[in-house]
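The chain contents come next:
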Amino acid sequence: MSTAMNEALIRHCRDLRDGTHGQAVSREDKERLFVTAVELLDPVARTALGELDADLLLGTGEVVASGVTRSQEGGLNAMWSLTWPEQRASRIQPIAVVAHYGTGFHHPHLRGNTVGDWPLNVFDAADAAAQLDTLRVIAAGDAHNLVFQESYRLMPAITASTGDHPA
């Protein structure tokens, strides 16, 4: 039985082999699919970041979504950021889930602020929902890397004085 992550990778490789993204061939059609994918991913990205906020940040964070924007180079981007007081005070990047479709890319990808690319193959609500584990991994990877860059003190779950939080 194939996992959602492996299925996304298989689709990614088929797209490369076939010169398509889903059924789209032209850049214009692929950009339309990207905009739809961002809309479908919005609740999934908010869920992944919300879970991390609840567990690591003890609900002190805020999820902010950019919507689709065009980069200076002409590509498309969308970002869901999780910010919180300790992160802002340290002036480091937020935890993020980023969807991007660079100008030289065959098709769009997902990444974090500190975590590399993963294929973005979302064409319907079921595809978007299947990406929850991938988005969780991206967000958790960003959280880990930000702690590595700064300090464990960024995470309220670690610095809270109460003993009722997981170790």
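Model, not experiment: these values are computed from the prediction. (Residues numbered from 1 in each chain as written. Predicted model: local features only at pLDDT ≥ 70, side-chain atom pairs only at ≥ 80, totals over all residues. Heavy atoms only, no water.)

## Regarding helix H5 (residues 132-149)
Keep this limit in mind: Secondary structure elements are taken from DSSP: a helix is a run of H or I of four residues or more, a strand is a run of E of two residues or more, and numbering for both begins at the N terminus. For a helix, the expected span equals 1.5 Å multiplied by the residue count minus one. Working rule for contacts: check all heavy atoms of both residues, and any pair within 4.5 Å makes them a contact.
Along its 18 residues, H5 runs 26 Å from first to last C-alpha, staying within 8% of the 26 Å computed at 1.5 Å per residue. Along its buried surface, H5 packs onto helix H1 (4-18), helix H2 (27-56), strand S4 (95-101), strand S5 (109-111), strand S6 (118-119) and helix H4 (125-130).

## Describing the side chain of Asp 15
Within the element layout of this structure, Asp 15 appears in helix H1. Here Asp 15 is in contact with Thr 20, His 21, Gly 22, His 106, His 107 and Asn 121, once residues within four sequence places are set aside.

## Section: the pattern of salt bridges
Inclusion rule: Just to be clear on terms, a salt bridge is a Lys or Arg side-chain nitrogen sitting within 4 Å of an Asp or Glu carboxyl oxygen. Buried residues are those whose accessible area, probed at 1.4 Å on protein chains only, stays under 20% of the maximum for their type, while exposed residues exceed 50% and partly exposed ones sit between those limits.
Evaluated as defined, the whole model comprises 9 salt bridges. The partner of Glu 28 in a salt bridge is Arg 32, and the shortest N-O contact between them spans 3.4 Å. Residue Glu 28 and its partner Arg 32 are both found in helix H2; the two are separated by 4 residues, about one turn of the helix. For Glu 28, a relative accessible area of 53% corresponds to the exposed category.

## What about the environment of His 144?
With respect to the element layout, His 144 can be found in helix H5. Through-space distance from the C-alpha of His 144 to that of Val 115 is 9.9 Å; in sequence the pair is 29 residues apart.

## Focus: the side chain of His 107
The following threshold applies: Polar contact is the term for a pair of N or O atoms within 3.5 Å; when the atoms are in protein, one must be able to donate a hydrogen and the other to accept it, and sequence-neighboring residues count only if both atoms are side-chain atoms.
By the secondary structure assignment, His 107 is in the loop between S4 and S5. A polar side-chain atom of His 107 sits 2.6 Å from a polar atom in the side chain of His 12. In contact with His 107, not counting residues within four places along its chain, are His 12, Asp 15, Leu 16, Thr 20, His 21 and Tyr 101.

## Side note on the packing of H2 against H5
Our working rule: Every angle, taken between N-to-C directions, lies between 0 and 180 degrees, and every axis is a line fitted to C-alpha atoms, over only the stretch in contact when it is a helix. Convention used here: angles under 35 degrees read as roughly parallel, angles over 145 as roughly antiparallel, angles from 65 to 115 as roughly perpendicular, and any remaining angle as oblique. Note on convention: the crossing is left-handed when the near helix lies turned anticlockwise from the far helix by less than a right angle, right-handed when the turn is clockwise.
Between H2 and H5, the shortest axis-to-axis distance is 9 Å and the interhelical angle comes to 45 degrees. In terms of orientation, H2 lies oblique with respect to H5. For the element pair H2 and H5, the recorded crossing hand is right-handed. Contacts from Leu 41, Val 44, Ala 45, Thr 47, Ala 48, Leu 49, Glu 51 and Leu 52 of H2 reach H5 at Leu 132, Leu 135, Arg 136, Ala 139, Ala 140 and Ala 143.

## Notes on unusual backbone geometry
For residues other than glycine, phi is negative in most cases, and the peptide bonds are mostly trans. Residue Leu 58 is not a glycine yet carries a positive backbone phi of 55 degrees. Note on placement: Leu 58 falls in the loop between H2 and strand S1 (62-65). Judged by relative accessible area, Leu 58 falls into the partly exposed class, the value being 30%.

## Topic: the nonpolar core
Threshold: What we call a nonpolar core is a set of buried Ala, Val, Leu, Ile, Met, Phe, Trp, Tyr and Cys residues that are connected through their side-chain atoms within 4.5 Å.
Of all hydrophobic cores here, the largest spans 32 residues; its most connected members are Leu 41, Trp 80, Ile 95, Ala 99, Leu 120 and Leu 135. Those elements that place two or more of their residues in this core are H2, strand S3 (76-83), S4 and H5.

## Side note on H2
Residues three or four positions apart in an α-helix share a direction because the helix packs 3.6 residues into each turn. Our working rule: We define the bend at each residue as the angle formed by axes fitted to the 7 residues ending at it and the 7 residues starting at it.
At Leu 41, H2 shows its largest bend, some 45 degrees, and a proline, Pro 43, comes one to four positions later. Residues Lys 30, Glu 31, Phe 34, Ala 37, Val 38, Leu 41, Val 44, Ala 45, Ala 48, Leu 49, Leu 52 and Asp 53 constitute the buried set of H2. Phi turns positive, to about 55 degrees, at Leu 58, one or two residues after H2.

## Concerning the pairing of S3
Our working definition: Pairing between strands is defined by DSSP: at least two bridges between them are needed.
Within S3, 6 of the 8 residues are buried, leaving the element largely enclosed by the surrounding structure. Pairing of S1 with S3 involves 4 bridges; the strand directions are antiparallel. Following the sheet pairing, Val 64 is matched in S3 by Ser 81. Across 2 bridges, strand S2 (residues 69-70) lies against S3 in antiparallel orientation. Counted as the bridge partner of Arg 70 is Leu 76 from S3. Taken together, S2 and the strand that follows it, S3, pair antiparallel across an intervening segment of 5 residues, in which Gly 74 is found at a positive phi of about 105 degrees. In terms of strand pairing, S3 meets S4 through 7 bridges, oriented antiparallel. When the bridges of S4 are listed, Ala 78 appears paired with Ala 99.

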